[in-house]
Amino acid sequence: MSASKRYPALDSFRLIAAVLVTAIHTSPLAGYTPLGDFLLTRVLARTAVPFFLMVSGYFLAKDGWRSAGKTVKKLLALYAGAAALYLPLNWYQGGLAPLAFLKRLALEGTFYHLWYFPAAVLGILIARQLSRLGKFWPLALAGALYLVGLGGDSYYGLVSRVPALKAVYGGIFAVFDYTRNGIFFAPLFLLLGAEGRRWSGRVSAAGLLLSLGAMTGEALWLRQMGVQRHDSMYLLLPVCMVFLFSLLLERNKGRAPMAREMSLFLYLLHPWCIVLVRGGAKAWGLERVFIENSLGHFAAVLVLSLAASWALYRLRPRPRPVTDRAWRELDLQALDHNARVLRDQLAPGCELMAVVKGNAYGHGAVPVARRLWKKGTRAFAVACLSEGIALRRAGIGGTILILGYTPPEEVHRLEYWRLTQTVADLDHGMALASTGRPVRVHLALDTGMHRLGIPAEDRQAIAALYGQKNLRIGGVYSHLCVCDSLERADMDFTESQLARFYSAVDWMCWEGLDPGAVHIQSSYGIWNLPAQPCRFARVGIALYGVRSDSQSVRRELDLRPVLALRARVASVRTVACGQDAGYGCAFRAKRDSRLAVVTIGYGDGLPRQLSQSGGQVLIRGRRAPMVGRMCMDQLLVDVTELPQACPGDVATLIGRDGGEELRAEELAQCCATITNELLSQLGSRLETRQTDF
Ligand SMILES: *Cc1c(COP(=O)(O)O)cnc(C)c1O
């Protein structure tokens, strides 16, 4: 199984934030420098909880707050569990009257750190309502609520000098203990997270440093004046948070599930650990090291909390494959290897654009793209809008080019998800431009395939598209349609396509129209053509380590198949000579035979005719022929020659087993198709297992 070794920023910072919260509750520097402790726990660490809220807002906004209900339910379930976990401590601290307990449960949290849950729930409900008010009002209103909260928090001493205001806050405090809650505190950070503002790394870092400095000044000034009723909220905290979040978003590619889950456990468990450390220290007479020494206290609590969180993390229920019926195996190291080999074939400055359309040719677009992204690929191509969005949702950054048509009405989605759209022809380009929104595009040029593209010779059309200010033209490309062939006529045709393409590009440069990223090669363009003076090569099938068919290519490359396809033997039965088997009794035993029933069928994407056109599987490292008609969910294999075959055996349809290998090319040939079709048909019912040895 692949373990995410590099922890991307957003998830990693969750863990840092949880450590900061632990610091707030243990004051590590209090015994050494009270001022230092103030700066650490009352200023710096105040970024932790707003950060958690912003992350929630960020992800909730991605689907237009539709999953808010689900998130609230999850928070409530967590809260119920956490409240139960802390009941013994409530009781130990003298207990609470039932009514007081209920009020706490609803508003302040039943233990000091649990205020977050009711605040987040209420905050999400309010923020979702506010988010419907357009562009300006949500933040303005949430900001106003925050200002009210601020007056009851670190500015209370100033604000309460005005008698009318003092009366207002008196009213608020009759209900809530603090204004740092779901009404005045949480909505603003949720909505700021939802905005997901991004500046470049440099701007964010500079903004963060400046605002953090200014907030420190603000905090010191308030402390000096002694006006703080509580010290959770500062005027400049939202400003700091916006820059911090932008910085993390800029670096946040992929996920670090371990950091994320550990941070939750750490947050939930550390108050219990504080109690245990204190109890333990007293029991063993170690008060001087673990209680009186503030740093020792903090360290002991942190180590114990992390250990407990780690244990919980290991014990947590993990989703297991539901069945063991039929699955695809992804060899991620083969994918790394292929990307390296292909990259080596490109001209200097030319990069791979990984083509992951059709669910990455049936391999699974998300795991494939995540791996490529992790290993440095920064450009991807997909067939359509939904495929592009799925990649962004999975944390893929960089360029994502949609090779196919997208209706102009979807331009706002292209913009929101930062996708690059192919201009299919002049009309499409004009329609995209006339929506009034900026669109990133690459121009497709038709150099003879006559599928998509502006005719490469239609200079007028090209110039017209460059005249549209909404079209952000970042590239120009074309597609070669016979470069898989080594026939003389086909090679001449490819030459003519290349000539048309480069002459259009040269003309653009001559006219001062910046073509941007230029690209024309696909997999067979790499196998059969010399390196091209381009910015990208759009590589699909070769990346997956297979050819479309078994025809030869000009340059053999050492590529390895990424995918294996396997199922199981469910049952083995004997069929006497002369008996029939399967639908239509299409198989008749010519001898006493043993038939294995294998748990995969056309419902998993296999071509139905395969079993009657020479299809084979590997069982125990040996080939065995499919027989009879393939069913939707099963197929029959003749294992008469394989007496050891038994239920539970793995049957390999594509891939290696022992010394034998069945290649996708062979399978495709049986059904008179190409691997591209065969693989892209693989169905959603298949499990995916990733191997990363
Ligand atoms: C599918 C596709 C590719 C990738 O082709 P492979 O032969 O799989 O490398 C490249 N460019 C365009 C326009 C495509 O449609």
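Structure's up top.
What you see is a predicted model; the values in this text were computed from it and never measured. (Residues numbered from 1 in each chain as written. Predicted model: local features only at pLDDT ≥ 70, side-chain atom pairs only at ≥ 80, totals over all residues. Heavy atoms only, no water.)

Engineer: Looking at this structure, I do not really get the overall build of the protein chain. What am I missing?
Structural biologist: Looking only at helices and strands, one finds 26 helices and 20 strands in the protein chain. Projected onto the principal axes, the alpha-carbon positions of the protein chain cover approximately 95 × 75 × 40 Å. Per-residue burial over the protein chain gives 52% buried out of 693 residues. Long-range pairs, those at least 24 residues apart, make up 72% of the contacts in the protein chain with a sequence separation of at least 6. Carbon and sulfur atoms form 59% of the exposed surface of the protein chain, whose accessible area is close to 31100 Å². Side-chain charges of the protein chain comprise 78 positive and 54 negative groups, with the mean position of each set lying 9 Å from the other. (Helix = DSSP H or I, 4+ residues; strand = E, 2+ residues; numbered from the N terminus. Buried < 20%, exposed > 50% of the residue type's maximum accessible area, 1.4 Å probe, protein only. Contact = heavy atoms within 4.5 Å. Areas by Shrake-Rupley, 256 points an atom, 1.4 Å probe, with all protein chains shown as cover. Lys, Arg positive; Asp, Glu negative; His and termini not counted. Charge placed at Lys NZ, Arg CZ, Asp CG, Glu CD.)

Engineer: Would you explain unusual backbone geometry in this entry?
Structural biologist: Trans peptide bonds make up most of the peptide bonds, and negative phi angles are found at most residues other than glycine. In this model, asparagine 359 sits at a positive phi of 55°, which is unusual for a non-glycine residue. Its location among the elements puts asparagine 359 in helix 17 (residues 357–361). Given the relative accessible area of 36%, asparagine 359 is considered partly exposed. Although it is not a glycine, alanine 360 adopts a positive phi angle of roughly 55°. Relative to the assigned elements, alanine 360 resides in helix 17.

Engineer: When you look at the site of the ligand in this model, what are you seeing that I'm missing?
Structural biologist: In the vicinity of the ligand, the residues found are Val355, Lys357, Tyr361, Leu403, Arg451, His479, Ser522, Ser523, Arg538, Val539, Gly540 and Ile541. One nitrogen or oxygen atom from the main chain of glycine 540 is found 2.8 Å from an oxygen atom belonging to the ligand. Within the backbone of isoleucine 541, an N or O atom sits 2.9 Å from an oxygen atom of the ligand. Surface burial for the ligand is 89%, taken as the share of its 390 Å² of free accessible area covered by protein chains. More than half of the atoms of the ligand fall within 2 Å of the grid points belonging to the second largest pocket. Those elements giving two or more residues to the shell around the ligand turn out to be helix 17 and strand 10 (536–539). Residue composition of the shell around the ligand, by class: 5 nonpolar, 4 polar and 3 charged. (Near = heavy atom within 4 Å. Polar contact = N/O pair within 3.5 Å; in protein donor to acceptor, adjacent residues only side chain to side chain. 1 Å grid on protein atoms, 1.4 Å probe; cavity = no way out; pocket = protein on both sides within 12 Å on 5 of 7 lines; lining within 4 Å. Sits in = over half its atoms within 2 Å of the grid points. Nonpolar A, V, L, I, M, F, W, Y, C, P; charged D, E, K, R; others polar.)

Spatial relationships are all this shows, so hold off on functional conclusions.
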